[in-house]
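Each chain, letter by letter, is given below.
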Amino acid sequence: MKNIFLLMCVLGVILPYYHLINFLIENNWSMVGFGSEIFSSHPTSMISWDITIAATSFLIFLIYKQKKKKMNILKYIICLFLVGFSLALPLYLYDNYDK
C-alpha cells in the first residue's frame, strides 16, 4: 500500500505541474488569467471548489493533529501550498500508513 501512496505522490507532482507548465507556455510565462480560467465554467468551478474544500479540510485536520498529538506538520503544509493537495494528502498517507 505504501508503494501506491508513493506513486500517488509522484503523480500528484507531475500531472498538475504538466498542465501548469503548458498554461504558462501558452501565456508567455504569465499567470494572468489563471484565476479566471479555473472558474470559467460550471464543471471546472465544481472541481476547483471540491479540491479547495478538501485541501482546507486537510489543513484543519493537520492543525488539529499538531495541537493534539504534537505532530510535525510543516512538510505537509509546504507540500500543500507549493504543490497542492495532490501531493500533501498522499504524502501524509504514506508517512502514516500502519501507525
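A quick note: this is a predicted structure, and the numbers were derived from the prediction, not measured.

(A) Fine view of helix α1 (residues 2–26). In this model α1 runs 37 Å from its N-terminal to its C-terminal C-alpha over 25 residues, within 8% of the 36 Å that 1.5 Å per residue would give. Along α1, the residues classified as buried are Phe5, Cys9, Gly12, Phe23 and Leu24. At its buried positions, α1 is contacted by α2 (34–38) and α5 (85–96). Positive phi shows up at Asn28, right after α1, with a value of about 50°.

(B) Seen up close, the side chain of Lys65. One can find Lys65 in helix α3 (residues 42–69). For the buried residue Lys65, which engages in no salt bridge, the nearest side chain bearing the opposite charge is Asp95, 12 Å off.

(C) Expanded view of the nonpolar core. Judged by nonpolar contacts, the single largest core of 14 residues is most densely connected at Leu62, Tyr76 and Tyr92. Elements with a contribution of two residues or more to this core: α3, α4 (74–82) and α5. Sequence-distant contacts of Tyr92, that is, excluding residues within four places in its chain, are made with Phe58, Phe61, Leu62, Lys65, Met71 and Tyr76.

(D) Quick peek at the packing of α3 against α4. Closest axis-to-axis distance for the α3/α4 pair is 11 Å, and the angle between their directions is 165°. The angle between the axes of α3 and α4 places the two elements in the roughly antiparallel class. As for the relative orientation of α3 and α4, their crossing is left-handed in sense. Note on element contacts: α4 touches α3 through Tyr76, Ile77, Leu80 and Phe81, opposite Ala55, Leu59 and Leu62.

(E) Here's a closer look at the pattern of salt bridges. With the rule as written, the count across this model stands at one salt bridge. Taking the shortest distance from any N to any O, the salt bridge between Lys75 and Asp95 comes out at 2.7 Å. Of the two residues, Lys75 is situated in helix α4 and Asp95 in helix α5; the sequence distance between them amounts to 20 residues.

Each value, and the rule that gives it
- Residues numbered from 1 in each chain as written.
- Predicted model: local features only at pLDDT ≥ 70, side-chain atom pairs only at ≥ 80, totals over all residues.
- Heavy atoms only, no water.
- Helix = DSSP H or I, 4+ residues; strand = E, 2+ residues; numbered from the N terminus.
- Expected span 1.5 Å × (residues − 1).
- Buried < 20%, exposed > 50% of the residue type's maximum accessible area, 1.4 Å probe, protein only.
- Contact = heavy atoms within 4.5 Å.
- Lys, Arg positive; Asp, Glu negative; His and termini not counted.
- Salt bridge = Lys/Arg side-chain N within 4 Å of Asp/Glu carboxyl O.
- Core = buried A, V, L, I, M, F, W, Y, C linked by side-chain atoms within 4.5 Å.
- Axes fitted to C-alpha atoms, helices over the stretch in contact; angles between N-to-C directions.
- Parallel < 35°, antiparallel > 145°, perpendicular 65-115°, else oblique.
- Left-handed = near helix turned anticlockwise from the far one by under 90°.

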